[in-house]
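# Fold and geometry: a report
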Amino acid sequence: MPVNTAAYHSIKKELSTTHTRLVAVSKTKPLSDLQEMYELGQRDFGENYVQELVDKQAALPKDINWHFIGHLQTNKVKYIAPFVCLVHGVDGLKLLQEINKQAAKNNRVIDCLLQIHIAQEETKFGLNELELTEMLPQIGMLKNIRICGFMGMASFTENQPQLESEFKLLKSIAEKFNSICFQPSTIISMGMSSDYQLAIENGSNMVRIGSLLFGGRQ
Ligand SMILES: *Cc1c(COP(=O)(O)O)cnc(C)c1O
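Described in the following lines is the structure provided in the data block.

The rules behind these values
Residues numbered from 1 in each chain as written. Predicted model: local features only at pLDDT ≥ 70, side-chain atom pairs only at ≥ 80, totals over all residues. Heavy atoms only, no water. Helix = DSSP H or I, 4+ residues; strand = E, 2+ residues; numbered from the N terminus. Rg over C-alpha atoms; globule rule 2.2 N^0.38 Å. Contact = heavy atoms within 4.5 Å. Areas by Shrake-Rupley, 256 points an atom, 1.4 Å probe, with all protein chains shown as cover. Lys, Arg positive; Asp, Glu negative; His and termini not counted. Charge placed at Lys NZ, Arg CZ, Asp CG, Glu CD. Salt bridge = Lys/Arg side-chain N within 4 Å of Asp/Glu carboxyl O. Buried < 20%, exposed > 50% of the residue type's maximum accessible area, 1.4 Å probe, protein only. Phe/Tyr/Trp six-rings, centres within 6.5 Å; stacked < 30°, edge-to-face > 60°. Lys NZ or Arg CZ within 6 Å of the ring centre and 35° of its normal. Near = heavy atom within 4 Å. Polar contact = N/O pair within 3.5 Å; in protein donor to acceptor, adjacent residues only side chain to side chain. Nonpolar A, V, L, I, M, F, W, Y, C, P; charged D, E, K, R; others polar.

## Here's the deal with the overall build of the protein chain
In terms of regular secondary structure, the protein chain is built from nine helices and eight strands. For a compact globule of 218 residues, the expected C-alpha radius of gyration is about 17 Å, and the protein chain comes in at 17 Å, within 12% of that figure. Counting only C-alpha atoms, the protein chain reaches 45 × 45 × 30 Å along its principal axes. Across the protein chain, every contact between residues at least 6 apart in sequence was considered, and the portion connecting residues at least 24 apart equals 61%. Split by element, the accessible area of the protein chain, about 10500 Å² in all, is 53% carbon and sulfur. In the protein chain, 22 positive and 23 negative side-chain charges are present, and the distance between their average locations comes to 7 Å.

## Points about the environment of L96
Relative to the helices and strands, L96 is located in helix α5 (residues 93–105). Along the chain, L96 and V77 lie 19 residues apart, while their C-alpha atoms are 9.8 Å from each other.

## Side note on the pattern of salt bridges
Overall, the coordinates contain nine salt bridges when judged by the stated rule. Between R21 and D44 there is a salt bridge, and its shortest N-O distance comes to 3.0 Å. Taken together, the residues span a long stretch of sequence, with R21 in strand β1 (residues 21–25) and D44 in strand β2 (residues 44–47) at a distance of 23 residues. Assessed through its relative accessible area of 36%, R21 is described here as partly exposed. E164 serves as the salt-bridge partner of K168, at 3.1 Å between the closest nitrogen and oxygen. With a gap of four residues between them, K168 and E164 both fall in helix α7 (residues 160–176), about one helical turn apart. Its relative accessible area of 28% is what places E164 among the partly exposed residues. Each member of the salt-bridge network shares a partner with another, and the members are E47, E52 and K56.

## Considerations on the packing of aromatic side chains
Per the counting criterion, the structure on display carries one aromatic pair. Here F45 and W66 contribute two aromatic rings whose centre-to-centre distance is 5.9 Å and whose plane-to-plane angle is 40 degrees, an arrangement assigned as tilted. Here the residue F45 occupies a position in strand β2, and W66 occupies one in strand β3 (residues 65–68), the gap between them amounting to 21 residues. Grouping residues by exposure puts F45 and W66 together as buried. Above the plane of the ring of Y38 lies R43, whose end atom (NZ or CZ) is 3.6 Å from the centre. The ring of F182 has R146 sitting right over it, with the charged end atom 3.8 Å from the ring centre.

## Side note on the site of the ligand
The local shell around the ligand holds 13 residues, among which K27, N48, S193, S211 and R217 are the closest. S211 is positioned such that a nitrogen or oxygen atom in its backbone is 2.8 Å from an oxygen atom of the ligand. The class makeup of the residues in the shell around the ligand is six nonpolar, four polar and three charged.

So yeah, pure geometry; function would need other evidence.
This is the structure we're talking about:
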């Protein structure tokens, strides 16, 4: 399936009016699809798997901003630390400490989003408010990471009121814990192909869109 150029242009136009940043989620897609999207002007790409991300980064233009949006295992941080632009799914202090350590080794400061558990499903990763509160005192000591905002995955449902309440929950937590973030503006990463408009209406300023741009995945 080819890259959906028309969808890309219409989404970009739609997002520009709301100052929302687009992360093109390219997991499982071939290099040629990413190259095509790059040539349309896209620079932010999101990947879920470390090895795939490392391979793609090596092969594609160096001015791409690579977002890691999957569940990052502590022992794999070292592979992406040299180049990753933003780690979306940070859901614990151990992981944050490891990112800090690997960032220091690479003489970098790595931007991170804390993942908040907003879905009703048990399986989705993320911190609750209590866990977040408990992490706070430690975060300030980590000099090679920068908390830039929050990320959430809504429930896998078409129930609009439920999605809306989950997005609102993330927005409210982002407002409440705004002070731990590197300023000026707090990133709120929420919304995917099926619900990005609702997410933006409820406070998202960064959407992660895959299948609308690249077609369905296996
Ligand atoms: C795959 C993925 C997306 C993109 O999903 P689409 O429905 O294809 O837009 C967004 N966020 C995360 C965390 C993902 O794993």
